[in-house]
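Observations on chain architecture
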Amino acid sequence: MVAAPASLDTLCINSIRMLAVDAINKSKSGHPGLPMGCAPMGYALWDKFLKHNPKNPKWFNRDRFVLSAGHGCMLLYALLHLTGYDSVSIDDIKQFRQWGSKTPGHPETFETPGVEVTTGPLGAGISNAVGLAIAESHLAAKFNKPGATLVDHYTYVVMGDGCNQEGIASEACSLAGHLKLGKLIAFYDDNHITIDGRTDVSFTEDVLKRYEAYGWHVQHVADGNTDVDAIAKAIEAAKAVTDKPSIIKVTTTIGYGSPNKGDTAGVHGAPLGEDETVLTRQQLGWEYGPFEVPQEAYDQFRQAIERGASLEAEWNQTLATYRTQFPAEAAEFERMLRGELPEGWDKDLPTAGPDEKGLATRKHSQICLGALGPNLPELIGGSADLTHSNYTDIKGETGSYQPETPEKRYLHFGVREHAMAAILNGIAYHDSGLIPYGGTFLVFADYMRGSMRLSALSELGVIYVLTHDSIGVGEDGPTHQPIETIPSLRAMPGMLVFRPGDANETSGAYKLAIQNRKRPSALCLSRQGMANQANSSIDKVAKGGYVLEDCDGTPELILIGTGTELDLCVQAAKQLTEAGKKVRVVSMPCVELFDEQSDAYKEKVLPNAVRKRMVVEAAESFGWHRFIGLDGDSVTMNRFGASAPGGTCLKEFGFTVENLVAKASALLA
């Protein structure tokens, strides 16, 4: 491409800056400092390197751009608008942060085509980018052939001091260095300012030395305010290093161009205001009015449209040739891109009858993964250093994803739960049909909660395999016994929380988790064994709750159970029935799916007229009261657990058939 003259470079950079200033002024809120400081690196990357097609934001082989410092989103919206994305018009820029706009206060994938990652919580974006880079390298190793390169793109990130202070970024970037992700390139906006003022009040480490220790290639651009050539040369040097991720520290002035607020915390998160904007225009030599972009700048930026169309056409030709040379691989590749599951993917999901040995649902989970693995090549995941406790390995698979073997699909995340969740999100954001899963103990979902929330918010079908789901964990004690975790996950909009009660329900949970590509799933699985039920099935799980055991006529009492406590309900119901009581047992493996059923179905399972109900779950009772009602009761946990054998814990806390019968009898008295 033909390089723009220096004066045109400056015009384009200032177009980014002033669009951000004007939009934030109009909305009376926002963060102008980062867009004003990062405009040169944004321009250098998007105008000279980024491979994308503004007229097709979902073109597969595009480079991915992640604004990890999501508060500076006007940088991204300005770049999308200037390069010709239909999703961000000048009117959309004017509606920044307003109701129903395509330019919300932090980037959201589900609102704005061209936004690759939902960012805002600092550190999450760079961690997502590690997942994007893993997805690219895995697919490249899987599908690329000599002379036929289908998968070949970079992941670029802009991160700030705040991202580098968050622990999640350290976790993810440490792993990225180990994995030698050479197509991951991060820009570190080194502006020395956070909300509290100068960074030296809390942050004085040598960041590049840290990244060098992680195994990254490091560079420093001393003048990030004006030296576009230096930024471009740094990008070229980063791309030349293929066996390490790269970080380019770009020293900038936050709010560059603002004479009174620039280089201060005051420009981080507040509009410049009318008077300061006038002075900024003068300082930058900007002779244009609010939201006015000179045609020369548009002409330069929008060369991206023609370049993008050409790049995509060239790739389409590569794909056409690939189809001829490698028809089976091409068919699988294109099926994955369409988001279609392969025929018969679920045909080997296991079922079990009541006479078969009861296992822990974590063990049933391993059996399910072994059944899915050969039929679902897009399944990719692993564990946060708990493979042999979570049982997240895929039977028959040998080796794991390592720098030398990126075609493998088992990921060792190390003791990095939060990074694992963010990386899984990144794999899902890649939008290439890969289905990511990751395992840890349920209690450590609290380490991952921020990223699990982003899974739900961004409609990412990540599967969380969360084992050791109750006080049945036993001797490890209350630090490892989740009490409030399941109810808190159920409170998260969009999250499917499964607590299966036997082998069949575990298979059903996996089936639904795989099918739900727009909703994350949390599979809460036991350490201890449980009986298989006579009337459970894979398909019944889709209703969320169903009648497992019933009586003749209208029940006097309904017992509602999940997980290991389901069988306690069945045994208690048997004793109560022998005593002449009419008892129904309802299995509730997924409250969210039950809530989504028709009123008629819910009435059929839980008739309003039956007011004597009892919920049995070894967790806090929060959320169950809408099913229990005013006349019901529960056997749940209202305190932390204890260190003792799992069976002892369950007995001491009342999770016994005898206690259920006694409490049920008191309800019916």
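Each chain carries its own residue numbering, running from 1 in the written order of its sequence. Whole-chain, interface and lining totals are the exception, using all residues; otherwise, since this is a predicted model, local features are given only for residues with pLDDT of at least 70 and side-chain atom pairs are given and counted only at 80 or more. Excluded from the side-chain calculation are hydrogens and water; included are all heavy atoms of the structure.

A word on the UniProt feature "active site" (unreviewed entry) in the protein
The positions that UniProt labels "active site" (unreviewed entry) are, in the present scheme, Glu-417. Only DSSP runs of H or I with at least four residues qualify as helices, and only runs of E with at least two residues qualify as strands; both kinds are numbered from the N terminus onward. Note that Glu-417 resides in helix α16 (residues 417-429). By relative accessible area, Glu-417 is classed as buried at 9%. UniProt positions are given in the numbering used here, feature names are shortened, and annotations may be inferred rather than shown by experiment. Each residue's exposure class comes from its accessible area (1.4 Å probe, protein chains only) as a fraction of the maximum for that residue type: buried when under 20%, exposed when over 50%, partly exposed otherwise.

Let's talk about the pairing of strand β7 (residues 246-251)
Among the six residues of β7, six are classified as buried, and the element is accordingly described as predominantly covered. Burial along β7 is two-sided: the face carrying Ser-246, Ile-248 and Val-250 and the face carrying Ile-247, Lys-249 and Thr-251 are both buried. Any two strands with at least two DSSP bridges between them are considered paired. In the sheet, strand β3 (residues 184-190) pairs with β7 via six bridges, with the strands oriented parallel. In the strand pairing of β7, Tyr-188 is matched with Lys-249. In this sheet, β7 lies alongside strand β6 (residues 217-221) in parallel orientation, the contact comprising five bridges. When the bridges of β7 are listed, Val-221 appears paired with Val-250. Taken together, β6, helix α9 (residues 228-240) and β7 form a β-α-β motif whose crossover is right-handed. Whether a crossover is right-handed depends on one test, that the path from the first strand over the helix to the second runs clockwise when the strands point away from the viewer.

Focus: the sheet that holds strand β16 (residues 583-587)
For sheets, the rule is that strands pair by backbone hydrogen bonds, running either parallel or antiparallel. The sheet built from five strands is open, its strands ordered β14-β16-β15-β17-β18 with mixed pairing. On the outer flanks of this sheet lie β14 (546-549) and β18 (633-635), each paired with one strand and no other. Across this sheet, the average inter-strand angle for adjacent strands is 30°, counted without regard to direction. Relative to β16, strand β15 (residues 557-561) is paired through five bridges, and the arrangement is parallel. By the bridge assignment, Ile-558 is partnered in β16 with Arg-584. Here an angle of 0 to 180 degrees is reported between the N-to-C directions of two axes, which are lines fitted to C-alpha atoms, with helices fitted over the stretch in contact.

A word on the side chain of Asp-92
Examined against the element boundaries, Asp-92 turns out to sit in helix α4 (residues 90-94). Buried and unpaired, Asp-92 has Lys-102 as its nearest opposite-charge partner, separated by 4.7 Å. Contacts are assigned to residue pairs with any non-hydrogen atoms lying within 4.5 Å of each other. If we ignore the near neighbours within four places in the chain, the residues touching Asp-92 are Ser-87, Lys-102 and Thr-103. Lys and Arg are tallied as positive, Asp and Glu as negative. Neither His nor the chain termini are counted. Only one rule defines a salt bridge in this text: a Lys or Arg side-chain nitrogen within 4 Å of an Asp or Glu carboxyl oxygen.

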